[in-house]
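# Fold and geometry: a report
The lines below spell out each chain.
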Amino acid sequence: MEEGKMDENEWGYHGEGNKSLVVAHAQRCVVLRFLKFPPNRKKTSEEIFQHLQNIVDFGKNVMKEFLGENYVHCGEVVQLPLEFVKQLCLKIQSERPESRCDKDLDTLSGYAMCLPNLTRLQTYHFAEHRPILCVEIKPKCGFIPFSSDVTHEMKHKVCRYCMHQHLKVATGKWKQISKYCPLDLYSGNKQRMHFALKSLLQEAQNNLKIFKNGELIYGCKDARSPVADWSELAHHLKPFFFPSNGLASGPHCTRAVIRELVHVITRVLLSSSDKGRAGTLRPGLRPRGPRVCEASPFSRSLRCQGKNTPERSGLPKGCLLYKTLQVQMLDLLDIEGLYPLYNRVERYLEEFPEERKTLQIDGPYDEAFYQKLLDLSTEDDGTVAFALTKVQQYRVAMTAKDCSIMIALSPCLQDASSDQRPVVPSSRSRFAFSVSVLDLDLKPYESIPHQYKLDGKIVNYYSKTVCAKDNAVMSTRFKESEDCTLVLHKV
Ligand SMILES: O=P(O)(O)O[C@@H]1[C@@H](OP(=O)(O)O)[C@H](OP(=O)(O)O)[C@H](O)[C@H](OP(=O)(O)O)[C@H]1OP(=O)(O)O
Ligand SMILES: Nc1ncnc2c1ncn2[C@@H]1O[C@H](COP(=O)(O)OP(=O)(O)OP(=O)(O)O)[C@@H](O)[C@H]1O
């Protein structure tokens, strides 16, 4: 960043999550990502610089290794004029969703991350003049825990996302339960993936956003957001999927456009555009545990029709979903098995606080840190070293369970070359595409007790309310069928 030349009027609000806020440059293909903190919990400039540098190092030394060079963009830490940051913060404040304003943008350190704007195709410095469509998906955890440390039977049947939905609706975070189940998206089965993507389009929550030429055109800010409008979305997407065709508007057109979008995204998700190292975690993390989640409406309907569960994951090994799932599965013990190991590390640190640095709890996230993550043994020898390895693997797995995938699509002419970018066909057009992953900030060591409590809360709420309701319905049905049988006997 050229210090003297920073002008807040050249930047606009782009989006934010729980921990960071992103602004995009109007012309250049870059974004600035700032950290956010609750009021009165400010950190020193040095701490913020170190935190951001850790994010960059973790991306470079760990996530690039696991996920592949082409998918991960680490960016760099930049120092900005304080006056620019202050003015920028004032400028964007009115555009921030109310539900995110419990945290303030860090305006005191002057540090931020500079990254390519992934809602434009990967050209990094200058925006392309071709139209660009970008779909962001936060897929969440794609497997059901297989650890023998799991004590709640329900966790072996229903995935965490589907259980958590009920708690989120009960606490007012979202208005209604989504039909999306991550296991459907990660299944590699096209039919299930189509169902998962359609469900995301119906109830986007914070799991789906769509950008056109870098502008958000579809997505949900919070529970107060208006209901999704597919015909408006189809209106935006029609020129991309039916460029030279006078497809009339109306429900038929909307369905056709949405179908094209879902099919193209599925194809891209199943593609292996990465040329880097494939699967550093092999062998060891083969898909385990149930293939389907009992709460997924897709698998429920299969069961009702008396059909078998679909085949195990057919995800191609080079695709980003497969690689993300591999990293998620570094959570080998589940939080229930991990928590006692975290306590072992804690006890050790209480006795030897100066060891925190040697154990690399807060970094550096270097090559040595990465190498230790490759030890997949689950035989506990009672040592702090074993406990620490599992704790660090868990943190990395949690990061992969919370990252987002960005798919950028740019129409290309039928015969034109796509500058060596991969191309995906749809029925009436072709797209050059890129796939990237974002939000790869390593989850903090301190969040483990919170994870443990939240896990219990999610499962207990689901078991008490949803299961109890299901059982009541089942027993009424059973009673009715008993009554019915009795009547039949009498006759
Ligand atoms: O715990 P989860 O599964 O609810 O995930 C949290 C996310 O909620 P979600 O369920 O995706 O709506 C949550 O997302 P939102 O703030 O709800 O958009 C954050 O991503 C949070 O991560 P962090 O604390 O900011 O590092 C996420 O926390 P981590 O569990 O990843 O630490
Ligand atoms: N490099 C990028 N290019 C384009 N958009 C981006 C980029 N990085 C982030 N964004 C946008 O900003 C939003 C918030 O960023 P991010 O997910 O990193 O925030 P966060 O606070 O770390 O998230 P979380 O709530 O998961 O902790 C993203 O959902 C995405 O839409």
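Definitions and cut-offs
- Numbering of residues starts from 1 in each chain and follows the order in which that chain's sequence is written.
- Each chain takes a letter, starting from A, and each ligand takes a number, starting from 1, following the order in which they are written.
- Only residues with pLDDT of at least 70 are given local features in this predicted model, and only at 80 or more are side-chain atom pairs given and counted; all residues enter the totals for whole chains, interfaces and linings.
- By convention in this description, side-chain values take in all heavy atoms of the structure and omit both hydrogens and water.
- Near residues are defined by distance, with any heavy atom within 4 Å of the molecule or strand qualifying the residue.
- A 3.5 Å cut-off defines polar contacts: any pair of N or O atoms within that distance qualifies, except that in protein one atom must be a possible hydrogen donor and the other a possible acceptor, and neighbouring residues in sequence count only when both atoms are side-chain atoms.
- Areas reported as accessible are Shrake-Rupley estimates using a 1.4 Å probe. Residue values count occlusion only from the protein chains shown.
- Only the stretch in contact is used when fitting a helix axis, every axis being a line fitted to C-alpha atoms; angles between N-to-C directions are given from 0 to 180 degrees.
- For the purposes of this entry, the term helix denotes a DSSP run of H or I that reaches at least four residues, the term strand denotes a run of E that reaches at least two, and both are numbered from the N terminus.
- In this scheme, a crossing is called left-handed if the near helix is turned counterclockwise away from the far one by less than a right angle; it is called right-handed if the turn is clockwise.
- Between two residues, a contact is recorded if the distance between any of their heavy atoms is within 4.5 Å.
- Each residue gets one of three labels, nonpolar for Ala, Val, Leu, Ile, Met, Phe, Trp, Tyr, Cys and Pro, charged for Asp, Glu, Lys and Arg, and polar for the others, Gly among them.
- The definition of a nonpolar core used throughout is a set of buried Ala, Val, Leu, Ile, Met, Phe, Trp, Tyr and Cys residues joined through side-chain atoms within 4.5 Å.
- Three exposure classes are used, based on accessible area relative to the maximum for each residue type with a 1.4 Å probe and protein chains only: buried under 20%, partly exposed in between, and exposed over 50%.
- Residue ranges assigned to the domains are those given by an automatic or database domain assignment.
- Think of a salt bridge as a Lys or Arg side-chain nitrogen and an Asp or Glu carboxyl oxygen that are within 4 Å of each other.
- Two strands pair under a simple rule: DSSP has to find at least two bridges between them.
- Accessible area, probed at 1.4 Å, shrinks when two parts are joined; the buried area is that loss added up over both.
- Note on angle classes: values under 35 degrees are labelled roughly parallel, values over 145 roughly antiparallel, values of 65 to 115 roughly perpendicular, and the remainder oblique.
- Directions are taken from the helix axis to each C-beta atom, and the arc is the one they span.

## Notes on the site of ligand 1
- Neighbouring ligand 1 are 15 residues, the closest being Arg100, Lys168, Lys173, Asp402 and Gln451.
- Between Lys138 and ligand 1, the recorded distance is 3.2 Å, taken from a side-chain N or O atom to an oxygen atom.
- Taking Lys140, its side chain carries an N or O atom lying 2.8 Å from an oxygen atom of ligand 1.
- Burial of ligand 1 by the protein amounts to 83% of the accessible area it has alone, namely 590 Å².

## Side note on the packing of helix H6 (residues 230-241) against helix H7 (residues 251-270)
- The interhelical angle for the contact between H6 and H7, taken along N-to-C directions, is 65°, at an axis separation of 9 Å. As for the relative orientation of H6 and H7, their crossing is left-handed in sense. Taken together, the residues of H7 that come into contact with H6 (itself represented by Trp230, Ser231, Leu233, Ala234, Leu237, Lys238 and Phe241) are Cys253, Thr254, Val257, Ile258, Glu260, Leu261 and Val264.
- Along the lines of polarity and charge, the residues of the contact of H6 with H7 split into 10 nonpolar, 2 polar and 2 charged.

## Some thoughts on the nonpolar core
- Ranked by size, the top nonpolar core spans 120 residues in total, and within it Phe66, Ile210, Phe241 and Leu409 carry the most contacts.
- Examining the composition of this core, we find that 11 residues originate from one element, H7, more than from any other.
- Shared between two domains, this core takes at least three residues from each, and those domains are domain 1 (8-117) and domain 2 (134-222 + 283-465).
- Excluding its chain neighbours within four sequence positions, the residues that come into contact with Ile210 are Leu133, Cys134, Val135, Leu201, Glu215, Leu216, Ile217, Tyr218, Leu233 and Leu261.
- Within the second largest apolar cluster, 18 residues are counted, among which are Leu21, Val23, Leu88 and Cys89.

## A few points about the pattern of salt bridges
- What the rule picks out here adds up to 17 salt bridges.
- Of the charged contacts, one joins Arg96 and Glu16 as a salt bridge, the two residues approaching to 2.9 Å between their closest N and O atoms. Of this pair, Arg96 sits in the loop between helix H2 (82-92) and strand E5 (104-105) while Glu16 sits in strand E1 (residues 11-16), and the two are 80 residues apart along the sequence.
- On the basis of relative accessibility, which here comes to 7%, the residue Arg96 falls in the buried class.
- Judged by its relative accessible area of 10%, Glu16 falls in the buried class.
- The closest approach of N and O atoms between Arg192 and Asp184, which form a salt bridge, is 2.8 Å.

## Quick word on the site of ligand 2
- Neighbouring ligand 2 are 22 residues, the closest being Asn18, Lys19, Ser20, Glu136 and Asp439.
- Ser20 places a main-chain nitrogen or oxygen 2.7 Å from an oxygen atom of ligand 2.
- Leu118 places a polar main-chain atom, nitrogen or oxygen, 2.9 Å from a nitrogen atom of ligand 2.
- Notes on ligand 2: free accessible area 620 Å², of which the protein chains cover 93%.
- Put simply, the parts of the chain that give the shell around ligand 2 at least two residues each are E1, strand E2 (20-25), strand E3 (30-37), strand E6 (111-116) and strand E8 (208-212).
- Here the shell around ligand 2 is built from residues that sort into 8 nonpolar, 6 polar and 8 charged.
- Mapping the shell around ligand 2 onto the domain boundaries places at least three of its residues in each of domain 1 (8-117) and domain 2 (134-222 + 283-465).

## Thoughts on the sheet that holds strand E11 (residues 423-425)
- Spatially, E9-E8-E7-E10-E12-E11 is the arrangement adopted by the 6 strands of the open sheet, whose pairing is antiparallel. In this open sheet, the two edge strands, each paired with only one partner strand, are strand E9 (215-218) and E11. When the angles between neighbouring strand axes are averaged without regard to direction, this sheet yields 35°.
- The pairing of strand E10 (residues 404-412) with strand E12 (residues 430-438) spans 9 bridges and is classified as antiparallel. Looking across to E12, one finds that Met406 is bridged to Ser436.
- Sitting on the sheet, H6 touches strand E7 (133-137), E8, E9, E10 and E12, and the angle it makes with E9 is about 120°.

## Observations regarding the environment of Met406
- If you trace the backbone, Met406 turns up in strand E10.
- With 382 residues separating them along the chain, Met406 and Ala24 place their C-alpha atoms 16 Å apart.
- With residues up to four places along the chain from it excluded, the contact list for Met406 reads Leu118, Thr119, Cys134, Val135, Glu136, Phe211, Ser434, Val435, Ser436 and Leu438.

## What to know about the domain arrangement of the chain
- Domain parsing of the chain yields domain 1 (8-117) and domain 2 (134-222 + 283-465).
- Taking only C-alpha atoms, the centre of domain 1 and the centre of domain 2 are 23 Å apart.
- The interface of domain 1 with domain 2 comprises 21 residues on the first partner and 31 residues on the second.
- Summing both partners gives a buried area of about 2200 Å² for domain 1 against domain 2, and 63% of it is carried by carbon and sulfur.
- The largest contributions to the domain 1 side of the interface with domain 2 come from Phe58, Phe66 and Tyr71, which together make up 31% of the buried area.
- For the interface between domain 1 and domain 2, the tally reads 2 salt bridges.
- Asp441 is the partner of Arg33 in a salt bridge, and the nearest nitrogen-oxygen pair spans 2.9 Å.
- In this assembly, domain 1 and domain 2 are joined by 8 residue pairs in polar contact (both at pLDDT 80 or more).
- Residue composition of the side of domain 1 that touches domain 2, grouped by class: 9 nonpolar, 7 polar and 5 charged.

## Concerning the packing of helix H1 (residues 45-67) against helix H9 (residues 320-328)
- Where H1 meets H9, the closest approach of the two axes is 9 Å, and the angle between their N-to-C directions is 125°. In terms of axis orientation, H1 runs oblique to H9. Each of Met63, Phe66 and Leu67 in H1 lies in contact with H9, whose residues at this interface are Leu320, Lys323, Thr324 and Val327.
- A per-class count over the contact of H1 with H9 returns 5 nonpolar, 1 polar and 1 charged.

## Digging into helix H8 (residues 297-304)
- Of the residues making up H8, those classed as buried are Phe298, Ser299 and Leu302. Along H8, the residues classed as buried sweep out an arc of 90° about the axis, all on the same side.
- Of the surrounding elements, those touching the buried residues of H8 are helix H4 (182-185) and helix H5 (190-202).

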